[in-house]
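# Summary of the model geometry
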Amino acid sequence: MNDVVAYIQSERDRFIADLKEWLAIPSVSGDPAHAGDVRESAEWLAAHLRKQGFPTVETWETDGLPAVFAEWPADDPDAPAVVVYGHHDVQPVEPLEEWDTVPFEPVERGDRLIGRGASDDKGQVFFHTLGVRALLAATGRQAPPVTVKLLVEGEEESGSVHFADLLRTHRDRLACDAVVISDTTMWAADVPSMCTGMRGLTEAEVTLRGPSTDLHSGSFGGAVPNPLHAMATLLASLHDADGRVTLPGFYDDVVPLTDEERELFARLPFDEEEWLRAAGESRAAHGEKGYTTLERIWARPTAEINGMWGGHTGPGGKTIVPRDAHAKISFRLVAGQDPAKVQESFKAWVAERTPPGVEAEVRIPGGGVRPCFSPIHSPGVAAARRAMERAFGTDVLFTREGGSGPEADLADILDAPLVFVAVGLNGDRIHAPNEKVEIPLLLKGAEAAAYLWEELATALR
């Protein structure tokens, strides 16, 4: 252990200098003007991985932007194989005026490295390169005890639209016994934790149509259906008095929280009043009865009304019965739920509650994102927890995340369990101005990664 730490400390300055060079490439995948920069980022990473000793490094093309694949085989042909997933594309940087530094000119301030992508996700991809080298230097080995495969995509921040096809195309090359995800966060610098699940997502837009034109409310109001009234009634019935979603079968497939998971969540030092202040000065916690705030945002599904409009919304009065009404709804899904099943249930639910004289249209923009989940006692999670505890010298707790990503595709297409190992913080301002990462945590991530390969070599056999 001391040899691993000593090596990481000796390489600290070079590691940060190289990371700064990568962060300076503005690889914004959502902006077509930066497509060349995303390609440059992939080429830079590929060249760096070759320098680090990976015997196989390739740039994999998609119908969009490129991913990078690297492989370092274990000496033992029967050793487990592990895919490490991350992404090298980043979010846009606007509004520029809110940055204290130039977004693509990374700056060190004390123990912080500030720049777009520092935490999400270049910094967290990068600590794995240092971790592999630290393990080899400390043990004198020529290869890691598991076959390490890096897969670093270039379109995560723009929806991973070609990622599932990439996985299917290269499924044989990516065959593995576990997938390590380093694109999440810990609870706090002094409260290390591991994510065990991410929620899925599906969305819908509802249009209710009544008369063929807006009508004078004095002549027709109260005598014909009002689409806005119907929409208000429809959306008000989306939840019952206990905050539960009323779609038939909505909870049938939900994997429930275990008593142990609830106890581990409860051990986290959560200050609800402080959380409410951070939540836009919200005045009260709210949601499904019988669950805590953390349980609601991590492990329970939701339905949210994202927008509602129709009729006259300009200045002054306009006394009409509007001809139509519109709403956007999104569902956050948890382990066990299928977006397609929720979509069909929602369509049937709307049709059943549409009053006579009103026509309903439900538009579903895409197939949605599936949730993912890792049981806390699975061999991979238990091994990663041991590696994290060796690095941090304290108990590692568990969290989940409310957001969504391509992790379910990784688990399903590669038919391998997920293991989340990450050292970002919720305060890293990912997707926001002044994104940063804590350098000591990146080095701890590298240390945990060094131990991880030893732990997984035993746990996955």
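Computed from a predicted model, the values in this text were never measured in an experiment. (Residues numbered from 1 in each chain as written. Predicted model: local features only at pLDDT ≥ 70, side-chain atom pairs only at ≥ 80, totals over all residues. Heavy atoms only, no water.)

With that out of the way, let us pick up the nonpolar core. The nonpolar side chains of a soluble globular protein tend to be buried, and buried together. Core analysis: the largest hydrophobic core is formed by 79 residues, its most contacted members being Trp-453 and Leu-456. Per element, the largest residue contribution to this core is 13 residues, and it comes from helix α14 (residues 439–459). Other than its neighbours up to four places away in sequence, Leu-456 contacts Pro-80, Val-82, Val-146, Val-180, Gly-380 and Ala-383. Trp-60, Cys-195, Met-198 and Leu-418 belong to the second-largest nonpolar core, a separate cluster that totals 26 residues. (Core = buried A, V, L, I, M, F, W, Y, C linked by side-chain atoms within 4.5 Å. Buried < 20%, exposed > 50% of the residue type's maximum accessible area, 1.4 Å probe, protein only. Helix = DSSP H or I, 4+ residues; strand = E, 2+ residues; numbered from the N terminus. Contact = heavy atoms within 4.5 Å.)

Time to look at unusual backbone geometry. Residues Glu-94 and Pro-95 are joined by a peptide bond in cis, for which omega reads 5°. Here the amide bond leading from Asp-120 into Asp-121 is cis, since omega sits at 10°, within 30 degrees of zero. One can find Asp-121 in the loop between β5 (112–114) and α4 (122–139). For Asp-415, which is not glycine, the phi dihedral falls at a positive 50°. As for its placement among the helices and strands, Asp-415 is situated in the loop between α13 (407–414) and β18 (418–420).

The next point concerns the UniProt feature "domain: Peptidase M20 dimerisation" (unreviewed entry) in the protein. What UniProt calls "domain: Peptidase M20 dimerisation" (unreviewed entry) maps, in this numbering, to residues 197–356. Secondary structure across residues 197–356 divides into 32% helix and 22% strand, with the first and last C-alpha atoms of the span separated by 42 Å. (UniProt positions renumbered as here; feature names shortened; annotations may be inferred.)

On to the packing of aromatic side chains. As enumerated under the stated definition, the model contains 15 aromatic pairs in all. A ring pair is formed by Phe-250 and Tyr-251, whose centres lie 5.1 Å apart and whose planes are at 90°; its orientation type is edge-to-face. The residues Phe-250 and Tyr-251 share a single accessibility class, namely buried. Here Phe-250 and Phe-331 contribute two aromatic rings whose centre-to-centre distance is 6.0 Å and whose plane-to-plane angle is 50°, an arrangement assigned as tilted. With Phe-250 in the loop between α7 (227–236) and α8 (259–266) and Phe-331 in strand β14 (residues 324–333), this pair connects stretches of sequence that are 81 residues apart. Of the two residues, Phe-250 and Phe-331, neither departs from the other in class, the shared state being buried. Site record: aromatic cluster; members linked through ring pairs are Trp-187, Phe-265, Phe-270, Trp-275 and Trp-298. Lying over the aromatic face of Tyr-251, Arg-244 brings its terminal NZ or CZ to 4.0 Å of the ring centre. When the ring centre of Tyr-451 is taken as origin, the NZ or CZ atom of Arg-390, which lies over that ring, is 4.1 Å away. (Phe/Tyr/Trp six-rings, centres within 6.5 Å; stacked < 30°, edge-to-face > 60°. Lys NZ or Arg CZ within 6 Å of the ring centre and 35° of its normal.)

Attention shifts here to helix α3 (residues 35–52). A rise of 1.5 Å per residue sets the reference length of α3, with its 18 residues, at 26 Å; its end C-alpha atoms lie 26 Å apart and thus fit the reference within 8%. All of the buried residues in α3 are Asp-37, Val-38, Ser-41, Ala-42, Trp-44, Leu-45, Ala-46, His-48, Leu-49 and Gln-52. Buried residues in α3 make contact with α2 (12–23), β1 (56–60), β2 (67–72), α4 and β6 (147–153). Positive backbone phi, approximately 110°, marks Gly-53, located one or two places after α3. (Expected span 1.5 Å × (residues − 1).)

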